[in-house]
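Here's the letter readout for the chains.
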Amino acid sequence: MRAARYPILASAVALIVTGCATTPEDRVHETAHTLNVAGVKGLEFSGNGQWYQFGQAPNPTLPWPPYQLSQYLADIDYATPAARVQITRKQIIEPGRSRPTPVEQKVQQSINGSTAWNVAVPNNSAPGTPPATTLQAAAVEERTAEIWSTPQGFLKAAVANNATATTGDQGIELSFAVGGKYKYVGHINGQNQLDSVKTWIDNPVLGDTLVETKFSEYKDFGGIHFPAHITRSQGGHPVLDLNVTEVKANPQADYSVPLEIAAASTPTVAVKSEKLADGVFYLTGGTHHSVAIEQRDHIVLVEAPLNEERSQALIAKIKEIIPGKPIKYVVNTHAHFDHSGGLRSFVDTGATIVTEDANKDYYQHVWKNPHSLKPDRLEQSKATPVFSSYTGSHVLSDGKRTIEIHSIAGNSHNDAFDLIYLPKEKILIEADAYTPLPANAPPPETPNPYTVNLYENIGKLKLKVDKIAALHGPGVVSLADLRKAIGITTAAK
């Protein structure tokens with residue numbers, strides 16, 4: 001093995017004159033020359049294939065759910081750096097699963113420097129509805145990685161960051177770090193083609209998460225050498241499988257940050273509290289909600305969503321509304337990343353995680369991953385997770401208040417998926433099976449099968465429900481609202 005540090009594009013002329021690549025430097029020069037790295041300031045490439053929804057596997061052992069990708073159009077400016085990716089997708093229903101009727105989704109995902117945002121037209125919106133533009137601060141790492149995980153982009157970044165080359169039997173490995181933090185490793189094969197790029201970004205559940213992009217079937221696209229097939233995996237499963245149909249150099253795309261995004265600041269994490277019953281508090285203030293339940297000498301928290309920032313805000317609010325009692329249990333409804341990203345914070349505090357057996361095995365495995373890119377409190381404390389796991393049903397009781405936890409049987413949203421029920425208060429707590437619509441919004445034309453299934457489970461479990469504290473949506477609703485959502489206009493007798 002031989003390692004060298006060098007300016008990759010410093011002397012491509014010598015290679016062109018001699019006509020052969022004899023050293024690692026020469027082979028990198030040849031690859032850069034073939035890709036016209038010096039002349040390509042930006043790229044536009046488009047195609048179709050499949051896209052996968054990261055972190056939303058219906059079972060911890062399964063890949064991310066697939067979507068048909070009818071259009072993928074990426075514009076990249078390497079100098080800024082900036083990118084705009086426009087995608088049109090529709091979910092593919094996996095065999096044996098009942099999903100909501102797939103609808104075509106059109107989304108634009110953009111980044112300019114350290115600002116990321118989305119532009120999308122909401123589903124079922126009225127004609128003429130303007131696109132919704134939203135700040136996506138958490139996406140900056142991933143979108144930056146996608147810019148440098150293109151063949152030309154990778155080699156440009158290698159130059160700018162003094163890449164190290166290592167030769168081996170299978171080709172040349174180029175490695176460097178961006179900003180002294182984000183590591184990139186690329187591989188040049190025997191045909192002097194960049195065939196893969198690896199990098200790592202942070203994720204609240206997975207920690208330092210491998211993002212691997214592979215390139216194959218290189219061809220000439222109107223004078224631009226570029227792969228006709230690109231695949232990308234994240235967290236060990238595919239997130240993109242793209243068949244490239246067209247490539248253009250130096251596109252005239254609009255990467256400007258919308259005024260409302262430029263004027264916006266990253267939202268502070270705020271938690272609002274609404275009392276549902278004595279000692280039962282609905283904790284809202286964002287896209288994901290939680291419920292705090294007071295027991296004799298401790299607190300049970302239902303759901304720790306999103307990330308550590310949300311969990312720390314929850315902890316602060318709970319100390320304010322229920323002072324002097326520790327959070328002893330945190331009940332997790334399911335393993336989707338947006339509903340489990342804050343659990344590690346409570347492991348650090350010593351709370352017991354209450355979840356189904358299948359989720360426990362998964363968390364025990366992935367929580368061993370390093371969190372070096374963004375060390376959280378658990379990474380620093382190295383506390384050992386404590387679980388109270390079960391299959392089917394579970395009860396938490398202090399002798400005064402009983403908290404029932406039931407698996408939502410047969411729900412295709414997730415295979416280890418729970419509702420929480422307070423029999424004395426007749427309060428149901430659930431996430432994702434039913435997301436109430438805003439007031440006066442018409443019910444969907446086709447009932448959501450997740451919601452139909454939830455209603456069936458309520459009946460089979462003989463739960464008497466007065467209030468539903470949904471962990472998404474505008475607020476607390478009634479069982480009558482759920483019936484209306486699935487097209488039932490009269491109460492069951």
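Refer to the preceding data block for the structure.
Residues numbered from 1 in each chain as written. Predicted model: local features only at pLDDT ≥ 70, side-chain atom pairs only at ≥ 80, totals over all residues. Heavy atoms only, no water.

1. What about the overall build of the chain?
Thought 1: Helices and strands together make up the secondary structure of the chain, namely 12 helices and 26 strands.
Thought 2: Against the 2.2 N^0.38 benchmark of 23 Å for 493 residues, the chain shows a C-alpha radius of gyration of 25 Å, consistent with a compact globule.
Thought 3: Referenced to the eigenvectors of the C-alpha coordinate spread, the extents of the chain come out at roughly 85 × 50 × 45 Å.
Thought 4: For the chain, with 493 residues in total, the buried portion stands at 51%.
Thought 5: In the chain, the proportion of contacts linking residues at least 24 apart, taken out of those at least 6 apart, comes to 58%.
Thought 6: A total of about 22200 Å² of accessible surface is found on the chain, and carbon and sulfur atoms cover 51% of it.
Thought 7: Put simply, the chain has 44 plus and 49 minus side-chain charges, and the middle of one group is 5 Å from the middle of the other. (Helix = DSSP H or I, 4+ residues; strand = E, 2+ residues; numbered from the N terminus. Rg over C-alpha atoms; globule rule 2.2 N^0.38 Å. Buried < 20%, exposed > 50% of the residue type's maximum accessible area, 1.4 Å probe, protein only. Contact = heavy atoms within 4.5 Å. Areas by Shrake-Rupley, 256 points an atom, 1.4 Å probe, with all protein chains shown as cover. Lys, Arg positive; Asp, Glu negative; His and termini not counted. Charge placed at Lys NZ, Arg CZ, Asp CG, Glu CD.)

2. A word on the side chain of histidine 406
Thought 1: Position of histidine 406 relative to the elements: it lies in strand E23 (residues 402–407).
Thought 2: Polar contacts involving the side chain of histidine 406 include one to the side chain of serine 393, which spans 2.9 Å.
Thought 3: Once you skip the residues sitting within four places of it in the chain, histidine 406 turns out to touch Gly392, Ser393, Phe417, Asp418, Leu419, Leu461 and Leu463. (Polar contact = N/O pair within 3.5 Å; in protein donor to acceptor, adjacent residues only side chain to side chain.)

3. As for the pairing of strand E25 (residues 427–430)
Thought 1: Here E25 shows no split at all, with Ile427 and Ile429 on one side and Leu428 and Glu430 on the other all buried.
Thought 2: Pairing of strand E24 (residues 418–422) with E25, which is carried by 3 bridges, proceeds in the antiparallel orientation. Paired with tyrosine 421 across the strands is leucine 428, a residue of E25.
Thought 3: Two strands pair when backbone bridges link them, and E25 and strand E26 (residues 467–470) are joined in this way by 4 bridges, in the parallel orientation. Across the sheet, isoleucine 429 pairs through a bridge with alanine 469, a residue of E26. (Pairing = 2+ DSSP bridges.)

4. Section: empty space enclosed by the protein
Thought 1: Within the structure shown, the criterion is met by 1 cavity of 30 Å³ or more.
Thought 2: For the largest cavity, the calculated volume is near 50 Å³.
Thought 3: Around the largest cavity, the lining residues are Phe45, Tyr72, Ser149, Thr150, Thr213, Phe215, Ile230, Arg232, Leu240 and Leu242.
Thought 4: Those elements giving two or more residues to the lining of the largest cavity turn out to be strand E12 (207–221), strand E13 (224–234) and strand E14 (237–249).
Thought 5: Considering only residue class, the lining of the largest cavity consists of 6 nonpolar, 3 polar and 1 charged. (1 Å grid on protein atoms, 1.4 Å probe; cavity = no way out; pocket = protein on both sides within 12 Å on 5 of 7 lines; lining within 4 Å. Points joined across faces, edges and corners; volume = space filled by probe spheres on them. Nonpolar A, V, L, I, M, F, W, Y, C, P; charged D, E, K, R; others polar.)

5. Digging into the sheet that holds E26
Thought 1: Pairing within the open sheet is mixed, and its 5 strands lie in the order E22-E23-E24-E25-E26. The open sheet has two edge strands, strand E22 (393–397) and E26, and neither has a second partner. Sheet twist, expressed as the mean angle between neighbouring strand axes with direction ignored, is 20°. (Axes fitted to C-alpha atoms, helices over the stretch in contact; angles between N-to-C directions.)

6. Structural notes on the packing of aromatic side chains
Thought 1: Applying the stated rule across the entire model yields 12 aromatic pairs.
Thought 2: Note on tryptophan 367 and phenylalanine 387: the rings are 5.9 Å apart at their centroids and 15° apart in plane angle, and the pair reads as stacked. Here phenylalanine 387 lies in strand E21 (residues 386–390) and tryptophan 367 lies in the loop between helix H9 (357–366) and helix H10 (377–381), a separation of 20 residues in the sequence. Taken individually, tryptophan 367 and phenylalanine 387 each receive the classification buried, so the pair is uniform in this respect. (Phe/Tyr/Trp six-rings, centres within 6.5 Å; stacked < 30°, edge-to-face > 60°.)

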